[in-house]
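Chain by chain, the residues:
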Amino acid sequence: MSDIYFPAEDSYLLAGVVKKINFFNKEILDMGSGSGIHAKTILRQKIKPENLTLTDINPLAIKYLKKNFPKCNIIKSNLFENIKDKFDIIFFNPPYLPEDKKEPKSSRLATTGGKKGSEIINRFLKDAGNYLKKNGKIILLTSSLTRDINWAGFNKKLLAKKKLFFEQLYVFEISEKNFFDE
Ligand SMILES: C[S@@+](CC[C@H](N)C(=O)[O-])C[C@H]1O[C@@H](n2cnc3c(N)ncnc32)[C@H](O)[C@@H]1O
């Protein structure tokens with residue numbers, strides 16, 4: 001059984017970005033919500049809770065989110081598998097670390113993104129465009145330890161970064177490239 005991911009440095013870096021966004025009248029998806037740290041920040045803006053969808057693959061996280069955010073849409077999903085709507089903003093603080101056999105099984109689901117660390121991110125990016133409304137944005141956290149992210153088809157802008165002892169974290173705003181973009 002995997003643990004719920006409770007906020008760490010990556011969560012707080014993303015939360016700092018989330019705090020500055022105006023969510024009025026926006027449809028929002030928080031992918032891999034974990035403990036719902038970003039839902040808490042977003043709901044402070046008095047948006048309609050039904051405009052906020054929280055998802056996670058971890059059934060324990062889903063149970064916790066249902067209890068703590070009963071008015072939001074909460075969907076157990078492996079990335080976009082069970083998602084039907086389109087959104088103005090999609091957040092993801094994904095599992096981004098390369099596989100490490102020393103990582104306990106109980107935390108791997110939240111931290112490990114595959115052999116290179118980018119496998120979950122790349123699956124996410126491959127499908128994300130289908131779930132964005134016109135001019136929709138993705139806010140994605142990554143790390144200097146994540147190798148080979150496939151950014152093809154997207155424009156990206158760095159919104160925040162933080163140096164930790166052993167890695168650097170980044171938060172990017174990503175949007176789909178238009179025909180006229182380089
Ligand atoms: C690094 S944690 C982030 C949790 C929370 N958003 C935060 O910022 O503290 C990554 C989250 O993604 C979830 N996750 C991992 N693989 C997933 C997948 N394939 N589909 C959806 N969620 C996934 C994990 O269960 C975990 O809750």
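The model shown is predicted, which means the values in this text are computed figures rather than measured ones.

Cut-off values and rules
- Residues numbered from 1 in each chain as written.
- Predicted model: local features only at pLDDT ≥ 70, side-chain atom pairs only at ≥ 80, totals over all residues.
- Helix = DSSP H or I, 4+ residues; strand = E, 2+ residues; numbered from the N terminus.
- Rg over C-alpha atoms; globule rule 2.2 N^0.38 Å.
- Near = placed C-beta within 6 Å.
- Nonpolar A, V, L, I, M, F, W, Y, C, P; charged D, E, K, R; others polar.
- Pairing = 2+ DSSP bridges.
- Buried ≥ 20, exposed ≤ 12 C-beta atoms within 10 Å, placed from the backbone.
- Right-handed = clockwise from strand over helix to strand, strands pointing away.
- Core = buried A, V, L, I, M, F, W, Y, C linked by C-beta atoms within 7 Å.
- Contact = placed C-beta atoms within 7 Å.
- Axes fitted to C-alpha atoms, helices over the stretch in contact; angles between N-to-C directions.
- Arc of directions from axis to C-beta.

(A) Here's a closer look at the overall build of the chain. When its secondary structure is counted, the chain shows five helices and seven strands. Taken from the N to the C terminus, the helices and strands of the chain come in the order α-β-α-β-α-β-β-α-α-β-β-β. For the chain, the C-alpha radius of gyration of 15 Å lies close to 16 Å, the compact-globule estimate for 182 residues. Reported as C-alpha extents along the three principal axes, the dimensions of the chain are approximately 45 × 45 × 30 Å.

(B) Molecular detail of the site of the ligand. Residues in close proximity to the ligand total 25 residues, the closest being Ser11, Gly32, Gly34, Ile57 and Asn93. Counting only elements with at least two residues in the shell around the ligand, the list comes to helix H1 (9-19), helix H2 (37-43), strand E2 (52-56) and helix H4 (105-111). At three residues, the largest contribution of residues to the shell around the ligand is made by H1. Split by residue class, the shell around the ligand holds 13 nonpolar, 10 polar and two charged.

(C) Just the pairing of strand E7 (residues 168-176), in detail. Where strand E5 (residues 132-143) meets E7, six bridges bridge the pair, whose relative direction is antiparallel. Following the sheet pairing, isoleucine 139 is matched in E7 by glutamate 173. With nine bridges connecting them, strand E6 (residues 154-163) and E7 associate as antiparallel partners. What sits directly across from alanine 160, in E7, is valine 171. Where E6 hands over to E7, the hairpin turn is made up of four residues, counted between the paired strands.

(D) Geometry of the pairing of strand E1 (residues 28-31). With burial as the criterion, each face of E1 is covered, one bearing Ile28 and Asp30 and the other bearing Leu29 and Met31. As defined by bridge partners, E1 adjoins E2 across three bridges and the pair is classed as parallel. In the strand pairing of E2, aspartate 30 is matched with leucine 54. For the segment spanning E1, H2 and E2, crossover handedness is right-handed. With four bridges joining them, E1 and strand E4 (residues 87-92) adopt parallel strand pairing.

(E) Representation of the nonpolar core in the model. By size, the foremost hydrophobic cluster in this structure holds 34 residues, and its most contacted members are Ile28, Ile90, Phe91, Phe124 and Leu140. Those residues in contact with phenylalanine 124, other than ones at most four positions away along the chain, are Met31, Leu79, Phe92 and Pro94.

(F) A look at the sheet that holds E1. Taken together, seven strands build an open sheet; the order of strands is E3-E2-E1-E4-E5-E7-E6 and the sheet is mixed. This sheet does not close on itself; its edge strands, each paired only once, are strand E3 (73-76) and E6. Going across the sheet, the axis of each strand differs from the next one's by a mean of 15 degrees, ignoring polarity. Packed on one face of the sheet, helix H3 (residues 59-68) meets E2 and E3 and runs near 165 degrees to E3. Each of E1, E4, E5 and E6 touches helix H5 (residues 119-128); the most contacted strand, E5, lies at about 170 degrees to it.

(G) Summary view of H1. Taken together, the buried positions of H1 are Asp10, Leu13, Leu14 and Val18. Seen along its axis, H1 keeps its buried residues to an arc of 145 degrees; they face one direction. Away from its buried face by more than 90 degrees, H1 exposes Glu9, Tyr12 and Lys19.

These figures capture arrangement, not role.
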